[in-house]
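Each chain, written out:
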Amino acid sequence: TTLLYWASHLGDGYSSGAAGCPILVDGYLYSYGGSGGTGRIFKVDTVTGETVASATMVGVSSFAITPMTYAQGMVFVALSDGRVEAFDAKTLDSLWVYTSPNGGQPNCPISYHDGCIYTGFWNWASKTDFVCLTITDEHPDVPGHTYDEATSTTTVADTKSALWTYAQAGGFYWAGAWAGDTYVLEGANAPSISGGLDMSGENSASGCVYSFDPKSGKVLDTLASYTDTSGTSVNIGNIKSTICYDEVTDAYYFTARGGYLIKFKMNSDGTFASESGTALRLENGEDVVSSTSTPVIYNGRAYVGADSGSYNQYDGQYVDVVDLATFSIAYKIHCEGRPQTSGLLTTAYQGTDGYVYVYFFDNYTPGKLRVIKDRAGQTKPITAKETYTDSAGVTQTIDVAPVVFCPVGAQAQYCICSPVVDEYGTIYFKNDSAYMMAVGSTIDKLTVTQSPDKTAYGVGDTFDATGMKVTATYSNGKTRDVTRYVKYSTNPLTAN
């Protein structure tokens, strides 16, 4: 009962012009993309996939691997060369532009708390910044940037200053911050011994988690080593996930590039608690050496992607389900490609069958959307079978996480995007094809639930839809008012 509603081309390729990961704001989808070196922000109708508004940005993103962030009526987009631009969410007017003096790729999500946003930049082995910006538009009468259509020239008009910055060699890559009243937690990359960047993720060098004062940027504490389940102290290497908090266990979680799920706790003053640094190697019998997946935490379980470092299909790519009570792997489930982003969990069916459903994407063409069906105490995966031909030309059959949707044709591509969902159960995402897509339940019926005010017509009259209401009923049981999407003839009626 799954249907591709629409696929809209919102960018160009998977590099600087790539389509950005989407967010939902007030019933619209927001994203960004680029073409011909010009970046644009888009406001998209969720039902039709049509762009209802767009505006130029001060530049493009490096790879558009993170979404923009919404707060207080504004959206914030991280762009190449260490920039962040703020827009009015309704009008898409540019408000201000921040440029980091150390530049860098905008590969970290933007986190918001209490009037400030936080994000980091990365530029290979160079020193780059983690920054805190107030969201205030200090010059409301000055646009963030201007764009000359005739010359295709962009000029920054309203320059934003940082509240504070913190620079380090190795920088910040794909690492989202957790921000609160007392401290901000951010994971950092590891500068190598030679001064370059340790991309391997292994133990030759260590990244760390910083605890910053939210308003001053003072480093309150750092955490760089962890104790694994065997009691061994390890350096994790690069941190490429967002740090998330779970109220039930009162603990923070993230994954490290070296293939670990890390759990830690905080003191109220922003220092790391003494029991901090429990690390679980996501291997379960195989040598998993990588994880960039932000954990999804719910009901005593963690759902996280991990892989063996291979880019070959069905070659050590998994979603691991972790029992947090024992901090051990309950089971793992195969995927075709690396699940490198966070999953999307729904509790919508938990009252019916006791299961939660978690959706992940393969970062491997065609970019399949998979689902993990799980409940507390479960120790074996619920799988489907897939057949493929291995590198030796031999046909293999493997148990995998079931597929909900598989892009085809021009939309089939690698996928580094966390799925988002609206109240109707429609999932939105982009992949490296630069298409934005909407996948949801089939429509069982369309019903005129309220008649038009005018129901009697003569020859020469035109149809008047005033007062009419049309409702769509989806196969998942949800209903939606689709009146404004109904199309009808505006020609005068004839005797026939």
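Please read all numbers here as calculations on a predicted model, not as lab measurements.

This part is about the overall build of the chain. Looking only at helices and strands, the chain features one helix and 42 strands. Relative to the compact-globule value of 23 Å for 496 residues, the chain shows a C-alpha radius of gyration of 24 Å, a close match. The dimensions of the chain, computed from C-alpha atoms along their principal axes, are 85 × 60 × 50 Å. By residue count, 53% of the 496 residues in the chain fall in the buried class. Excluding contacts between residues fewer than 6 apart, the proportion of contacts in the chain whose partners are at least 24 apart in sequence is 54%. As presented, the chain carries roughly 20500 Å² of accessible surface, and 48% of it is formed by carbon and sulfur atoms.

Before going further, it helps to examine the pattern of salt bridges. Inspection of the entire model under this criterion finds 12 salt bridges. A salt bridge links Arg338 to Asp307; the shortest N-O distance between them is 3.1 Å. Residue Arg338 is found in the loop between strand E30 (328-334) and strand E31 (344-346), and its partner Asp307 is found in strand E28 (residues 301-307); the two are separated by 31 residues along the sequence. Asp307 carries the same exposure label as Arg338, and that label is buried. Among the salt bridges present, the one from Asp399 reaches Lys385, with a minimum N-O distance of 2.8 Å.

A few words now on the side chain of Ser94. Within the element layout of this structure, Ser94 appears in strand E9 (residues 94-99). In terms of polar contacts, Ser94 uses its side chain to reach the backbone amide nitrogen of His145, at 3.3 Å.

Turning our attention to the sheet that holds strand E20 (residues 219-223). Across the sheet, which stays open at both edges, the four strands sit in the order E17-E18-E19-E20 with antiparallel pairing between neighbours. Two strands bound the open sheet, and with one partner strand each, they are strand E17 (178-179) and E20. Sheet topology note: the strand E18 (residues 184-187)/strand E19 (residues 209-212) ladder contains four bridges and is antiparallel. Looking at E19, one finds that Leu185 is bridged to Ser211.

Turning our attention to the packing of aromatic side chains. Applying the stated criterion to the full structure yields 30 aromatic pairs. Ring centres of Trp164 and Phe212 lie 5.2 Å apart, and the angle between their planes is 40°; on these two criteria the pair is classed as tilted. Pair noted here: Trp164 is in strand E16 (residues 164-169) and Phe212 is in strand E19, with a separation of 48 residues, a long-range link. No difference in accessibility class separates Trp164 from Phe212, as the two residues are buried. Positioned above the aromatic ring of Tyr311, the side-chain terminus of Arg338 is 3.8 Å from the ring centre.

What follows is about the sheet that holds E16. Across a sheet, strands are paired by hydrogen bonds formed along the backbone, either parallel or antiparallel in direction. Ordered in space as E10-E11-E12-E16, the four strands form an open sheet in which the pairing is antiparallel. The sheet terminates laterally at strand E10 (111-113) and E16, the two strands that pair on one side only. When the angles between neighbouring strand axes are averaged without regard to direction, this sheet yields 20°. Here E10 runs beside strand E11 (residues 116-120); their pairing, made up of three bridges, is antiparallel. Residue pairing for E11: His113 is matched across the bridge by Cys116.

A few words on the environment of Asp221. By the secondary structure assignment, Asp221 is in strand E20. Separated by 48 residues in the primary sequence, Asp221 and Asp269 place their C-alpha atoms 9.7 Å from one another. Asp221 has contacts with Val209, Tyr210, Ser211, Gly270, Thr271 and Phe272, leaving out every residue within four places of it along the chain. Polar contacts involving the side chain of Asp221 include one to the main-chain amide nitrogen of Phe272, which spans 2.9 Å.

On to the state of the cysteines, then. According to the stated counting rule, one finds zero disulfides in the structure shown. Cys406 forms no disulfide, and the closest cysteine sulfur to it belongs to Cys415, at a distance of 11 Å.

Let us look at the confidence of the model for the chain. Summarising the model, the chain shows a mean pLDDT of 92, and 95% of its residues fall at 70 or more. Within the model, pLDDT remains below 50 along residues 193-204, and this stretch shows 32 contacts once partners closer than five positions in the same chain are excluded.

The element E30 is largely enclosed, with a buried count of five among its seven residues. Relative to E30, strand E29 (residues 317-323) is paired through six bridges, and the arrangement is antiparallel. By the bridge assignment, Tyr318 is partnered in E30 with His334. Here E29 hands over to E30 after four residues, with Phe327 in that stretch at a positive phi of 45°.

The subject of this paragraph is the environment of Glu85. Relative to the elements of secondary structure, Glu85 occurs in strand E8 (residues 83-88). In the structure, Glu85 is positioned 39 residues away from Trp124 in sequence and 23 Å away in space, judged by C-alpha atoms. Apart from residues lying up to four places away in sequence, Glu85 is in contact with Met57, Val58, Val75, Phe76, Val77, Leu79, Ser94, Trp96, Val97 and His145. A polar contact is formed between the side chain of Glu85 and the side chain of Ser94, at a distance of 2.5 Å.

Here we come to the pairing of strand E14 (residues 153-156). Where strand E13 (residues 145-148) and E14 come together, four bridges link them in antiparallel fashion. Bridge pairing links Tyr147 to Thr154 in E14. What sits between the antiparallel neighbours E13 and E14 is a turn of four residues, in which Ser152 has the positive phi angle 55°.

Residue Thr365 is joined to Pro366 through a cis peptide bond whose omega torsion reads 15°. One non-glycine residue, Asp250, lies in the positive phi region at around 50°. With respect to the element layout, Asp250 can be found in the loop between strand E23 (244-246) and strand E24 (251-256). Positive phi is not limited to glycine here, since Tyr314 has a value of about 55°. Tracing the chain through its elements places Tyr314 in the loop between E28 and E29. Residue Tyr314 is classed as buried on the basis of its relative accessible area of 8%.

Thresholds, definitions, all that
- Residues numbered from 1 in each chain as written.
- Predicted model: local features only at pLDDT ≥ 70, side-chain atom pairs only at ≥ 80, totals over all residues.
- Heavy atoms only, no water.
- Helix = DSSP H or I, 4+ residues; strand = E, 2+ residues; numbered from the N terminus.
- Rg over C-alpha atoms; globule rule 2.2 N^0.38 Å.
- Buried < 20%, exposed > 50% of the residue type's maximum accessible area, 1.4 Å probe, protein only.
- Contact = heavy atoms within 4.5 Å.
- Areas by Shrake-Rupley, 256 points an atom, 1.4 Å probe, with all protein chains shown as cover.
- Salt bridge = Lys/Arg side-chain N within 4 Å of Asp/Glu carboxyl O.
- Polar contact = N/O pair within 3.5 Å; in protein donor to acceptor, adjacent residues only side chain to side chain.
- Pairing = 2+ DSSP bridges.
- Phe/Tyr/Trp six-rings, centres within 6.5 Å; stacked < 30°, edge-to-face > 60°.
- Lys NZ or Arg CZ within 6 Å of the ring centre and 35° of its normal.
- Axes fitted to C-alpha atoms, helices over the stretch in contact; angles between N-to-C directions.
- Disulfide = S-S within 2.5 Å.
- pLDDT = per-residue confidence, 0-100.

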